[in-house]
Amino acid sequence: MKIVAIANQKGGVGKTTTACNLAAGLAVKGFRTLLVDLDQQRNATHSFELPEVEATLAEVLVGSKKELKDIRDAIYETHIVGLDLVPANIRLALVEKQLTVGEQYRLKDALSKLTEYDFILIDCPPSLGATLTQALLASHHVLVPIAAEYYPLEGVMDLDETIEETKRANESLKILGYLMTRYDKRNGICKEALDKVKGMYGDLVFEAIISTNVSLQTAPAYKKSIYEHAPESKGSENYLFLTDEVLERLEVEEARPLKLVEKKEAS
Ligand SMILES: Nc1ncnc2c1ncn2[C@@H]1O[C@H](COP(=O)(O)OP(=O)(O)OP(=O)(O)O)[C@@H](O)[C@H]1O
Ligand SMILES: [Mg+2]
């Protein structure tokens, strides 16, 4: 089981879009995948059709030790075969106030027992605070989406420093890669941004580049992954390419592909 945090404290760089479509991509390729929504904005939670939600990640992380729920009570099947989700709740805001060592390891403790999954992806909130610390303590890898814009690296060095510091407590934490998102090849600023990011991080930059693609923006409104919403789109092609590259970087053999079918239709 591999746990990957999707993180960048800058807002709107494509963390949630990447977490949802990479998670769906891994499931489509036959891997048992869990998407954990660690952001009180709940954007990942809203991107999938879920049965009625009773417990969320907030009840697993927030409160006195005695009253915490087991994470298994907060796992829901999505309509995509092989993809489960732990939804978020506004009370996740309280995770920012958790500063004791025991509290900071709550996410790690909860996730590390879920060995039935091949991958766990954590959609992080846009901040560098205690919530991100919990994600970094729980993870083996970090994937950093960077939007192709005028100051692409703004804040990324602070994130790098936070990751380095977290390694004191989580030695095996590694950067899986930097992912260029919202790329428009007709826009010179995007090309400049890519050059800057490659100049800074070299081979750590994924070969996969996520284009600006309107279908990526509309898919969550239909509660669909990009592969169902617009299978022929550039966004679908880009995220499938990223999924393969992530599997290659993690040196994971291809699993037996599951067909992307809606469970309701299949039953
Ligand atoms: N490649 C893309 N092409 C077009 N729109 C995109 C693309 N990636 C993301 N978006 C849109 O940009 C907005 C921000 O993306 P997203 O929510 O994935 O970013 P985020 O980093 O998770 O934001 P936040 O920091 O607020 O959590 C969303 O409306 C999303 O649909
Ligand atoms: Mg987000």
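Undergrad: Quick question: what am I supposed to make of the environment of Tyr117 here?
TA: By secondary structure assignment, the location of Tyr117 is in the loop between helix H4 (106-112) and strand E5 (119-123). Between the C-alpha atom of Tyr117 and that of Met1, which follows or precedes it by 116 residues, the distance is 5.8 Å. Residues in contact with Tyr117, not counting those within four places in the same chain, are Met1, Arg32, Thr33, Leu34, Ile75 and Asp84. Within polar-contact distance, the side chain of Tyr117 engages the side chain of Asp84 at 2.6 Å.

Undergrad: Whenever I open this one, the packing of aromatic side chains confuses me. Can you help?
TA: The relation between two aromatic rings is expressed through the spacing of the ring centres and the mutual angle of the planes. On inspection of all chains with the given rule, the structure shows three aromatic pairs. Look at Phe31 and Phe119: their rings are 5.4 Å apart centre to centre, the planes differ by 75 degrees, and that puts the pair in the edge-to-face class. Here the residue Phe31 occupies a position in the loop between helix H1 (15-28) and strand E2 (33-37), and Phe119 occupies one in strand E5, the gap between them amounting to 88 residues. When its relative accessible area of 2% is taken as the criterion, Phe119 is described as buried. On the numbers, 3.7 Å between centres and 15 degrees between planes, the contact of Tyr178 with Tyr201 is stacked. Placement of Tyr178 in strand E7 (residues 174-183) and of Tyr201 in helix H7 (residues 188-201) is noted, with a sequence separation of 23 residues between them. Classification of Tyr178 as buried rests on a relative accessible area of 2%. Residue Tyr201 is classed as buried on the basis of its relative accessible area of 11%. Over the face of the ring belonging to Tyr150 we find Lys196, whose NZ or CZ atom lies 5.8 Å from the ring centre. One cation-aromatic arrangement involves Arg249 over Phe206; the distance from NZ or CZ to the ring centre is 4.2 Å.

Undergrad: I'm lost on the side chain of Glu103 in this one. Help?
TA: Note that Glu103 resides in helix H3 (residues 101-104). Arg106 provides the closest opposite charge to the buried, unpaired Glu103, separated from it by 4.6 Å. Engagement of the side chain of Glu103 in a polar contact is seen with the side chain of Thr100, the distance being 3.1 Å. Contact partners of Glu103, with chain neighbours within four places excluded, come to Gln98 and Gln134.

Undergrad: Sorry, what's going on with the site of ligand 1 here?
TA: Close contacts around ligand 1 come from 18 residues, with Lys15, Thr16, Thr17, Arg182 and Ser211 the closest. With respect to ligand 1, the backbone of Gly14 contributes an N or O atom lying 3.0 Å from an oxygen atom. When ligand 1 sits alone it has 620 Å² of accessible area, and the protein chains cover 85% of it. A molecule is said to occupy a pocket when more than half its atoms come within 2 Å of that pocket's grid points, and by this definition ligand 1 occupies the largest pocket. Looking at the shell around ligand 1, the elements that each hand over two or more residues are H1, strand E8 (205-211) and helix H8 (214-218). If you tally residues by element for the shell around ligand 1, the top one is H1, at three residues. Grouping the amino acids of the shell around ligand 1 by side-chain chemistry returns four nonpolar, ten polar and four charged.

Undergrad: So what exactly am I meant to see when it comes to the layout of surface pockets here?
TA: Its volume calculated, the largest pocket comes out at about 610 Å³. In this structure, the largest pocket is lined by 31 residues; those nearest its centre are Gly14, Thr17, Arg182, Leu216 and Gln217. Those elements that place two or more of their residues in the lining of the largest pocket are H1, E7, E8 and H8. For the lining of the largest pocket, a count of residues per class yields twelve nonpolar, 15 polar and four charged. Here the second largest pocket is characterised by a volume of approximately 200 Å³.

Undergrad: I'm lost on the packing of helix H5 (residues 130-138) against helix H6 (residues 156-166) in this one. Help?
TA: When two helices pack together, their arrangement is given by the angle between the helix axes and by the axis-to-axis distance. Two elements in contact, H5 and H6, have axes separated by 10 Å at closest approach and are oriented at 55 degrees. Relative to H6, the element H5 lies oblique. Pair H5 / H6 crosses with right-handed handedness. Along the contact surface, H5 presents Leu132, Leu136 and Leu137, while H6 presents Leu159, Thr162, Ile163 and Thr166.

Undergrad: Looking at this model, I keep getting lost on the pattern of salt bridges. Mind explaining?
TA: A side chain with one charge may pair with a side chain of the opposite charge, provided their charged atoms come close. All chains considered together, the criterion is met by twelve salt bridges. One salt bridge connects Glu59 with Arg91, and the closest N-O pair in it is separated by 3.3 Å. One end of the pair, Glu59, is in helix H2 (residues 57-61); the other, Arg91, is in the loop between strand E4 (83-86) and H3, and 32 residues separate them in sequence. The exposure class of Glu59 is buried, given its relative accessible area of 18%. Connected through salt bridges with shared partners, the residues Lys10, Glu149 and Glu154 form a single ionic network.

What counts as what
- Residues numbered from 1 in each chain as written.
- Chains lettered and ligands numbered in written order.
- Predicted model: local features only at pLDDT ≥ 70, side-chain atom pairs only at ≥ 80, totals over all residues.
- Heavy atoms only, no water.
- Helix = DSSP H or I, 4+ residues; strand = E, 2+ residues; numbered from the N terminus.
- Contact = heavy atoms within 4.5 Å.
- Polar contact = N/O pair within 3.5 Å; in protein donor to acceptor, adjacent residues only side chain to side chain.
- Phe/Tyr/Trp six-rings, centres within 6.5 Å; stacked < 30°, edge-to-face > 60°.
- Buried < 20%, exposed > 50% of the residue type's maximum accessible area, 1.4 Å probe, protein only.
- Lys NZ or Arg CZ within 6 Å of the ring centre and 35° of its normal.
- Lys, Arg positive; Asp, Glu negative; His and termini not counted.
- Salt bridge = Lys/Arg side-chain N within 4 Å of Asp/Glu carboxyl O.
- Near = heavy atom within 4 Å.
- Areas by Shrake-Rupley, 256 points an atom, 1.4 Å probe, with all protein chains shown as cover.
- 1 Å grid on protein atoms, 1.4 Å probe; cavity = no way out; pocket = protein on both sides within 12 Å on 5 of 7 lines; lining within 4 Å.
- Sits in = over half its atoms within 2 Å of the grid points.
- Nonpolar A, V, L, I, M, F, W, Y, C, P; charged D, E, K, R; others polar.
- Points joined across faces, edges and corners; volume = space filled by probe spheres on them.
- Axes fitted to C-alpha atoms, helices over the stretch in contact; angles between N-to-C directions.
- Parallel < 35°, antiparallel > 145°, perpendicular 65-115°, else oblique.
- Left-handed = near helix turned anticlockwise from the far one by under 90°.

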